[in-house]
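# What the coordinates show
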Amino acid sequence: MENYSRVRTVERPSVCPFPDLPPDTPHVRVKDGSKIRNLLPFALSRMGAGAGPAAEGAEPTLRQVVVMASGKGVAKAVTVAELLKRRLKGLHQLTRLLYVTVDDVWEPRSPDAGLESLTVSRSLPAVWILLSAEPLDPDQPGYQGPGVPYLGVRRHWAGGTQNIL
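All figures in this text were calculated on a predicted structure; none of them were measured in a lab. (Residues numbered from 1 in each chain as written. Predicted model: local features only at pLDDT ≥ 70, side-chain atom pairs only at ≥ 80, totals over all residues. Heavy atoms only, no water.)

Another point: the overall build of the protein chain. Along the protein chain, the regular secondary structure elements total 2 helices and 8 strands. The order of helices and strands in the protein chain, counted from the N terminus, is β-β-α-β-α-β-β-β-β-β. Considering the protein chain as a whole, with its 165 residues, one finds that 30% of them fall into the buried category. (Helix = DSSP H or I, 4+ residues; strand = E, 2+ residues; numbered from the N terminus. Buried < 20%, exposed > 50% of the residue type's maximum accessible area, 1.4 Å probe, protein only.)

And the structure:
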């Protein structure tokens, strides 16, 4: 491949794995270069809550949001979803894992070498996370209900108990 250079990368569009989703549901597209500090306020504003501390525990006006990512952005999408669940209590989660196809187009570095352009298809892992304030079907695979509130970690020893978080 030393005689080629990558010209463009095109991700083929994928179909939303949540068929009963209303068309006005906001989608947060997470990429590997996205900043969590930018994604979180955007998603919180779509759910009807500001990014400030007064918004914690607030009742969302929109009932659902979808966080989606592929490739290197998958871990960041999971982080965004977990932070949203921590800020807005009582969210139900439905997760779908799938693969998306990405086409890389390679052109020859020197046009007079007699080489043709190449198209290489790759499959990348992708995640779609539906967060909903309304209850979802708990029998669906990938469902997580609202958890119990985080109480921190306690250290026990003979002298007593200490909160460490």
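Moving on to the side chain of Ser70. If you trace the backbone, Ser70 turns up in strand S3 (residues 64–70). The buried category is assigned to Ser70, whose relative accessible area is 12%. Looking at Ser70, its side chain comes within polar contact range of the side chain of Glu11, at 3.3 Å. Residues contacting Ser70, with those up to four places away along its chain left out, are Glu11, Arg29, Val30, Val100, Pro125 and Ala126. (Polar contact = N/O pair within 3.5 Å; in protein donor to acceptor, adjacent residues only side chain to side chain. Contact = heavy atoms within 4.5 Å.)

Let us look at the pairing of strand S4 (residues 92–108). Summarising the sheet, strand S1 (residues 4–11) and S4 pair through 7 bridges and their orientation is antiparallel. The residue of S4 that forms the bridge with Arg6 is Trp106. As defined by bridge partners, S4 adjoins strand S5 (residues 118–132) across 15 bridges and the pair is classed as antiparallel. Looking across to S5, one finds that Val100 is bridged to Leu124. For S4 and strand S6 (residues 143–144), the ladder comprises 2 bridges, and the chain directions are antiparallel. Directly across from Gln93, in S6, lies its bridge partner Gln144. (Pairing = 2+ DSSP bridges.)

In this section: helix H1 (residues 36–46). All buried positions along H1 are accounted for by Leu39, Leu40, Ala43 and Leu44. Taken around the axis of H1, the buried residues stretch over an arc of 125 degrees, which confines them to a single face. Where the residues of H1 are buried, they touch strand S2 (27–30) and helix H2 (74–87). With its phi angle positive at about 90 degrees, Gly48 sits one or two positions after the end of H1. (Arc of directions from axis to C-beta.)

Everything listed is a geometric property; what it means functionally is a separate question.
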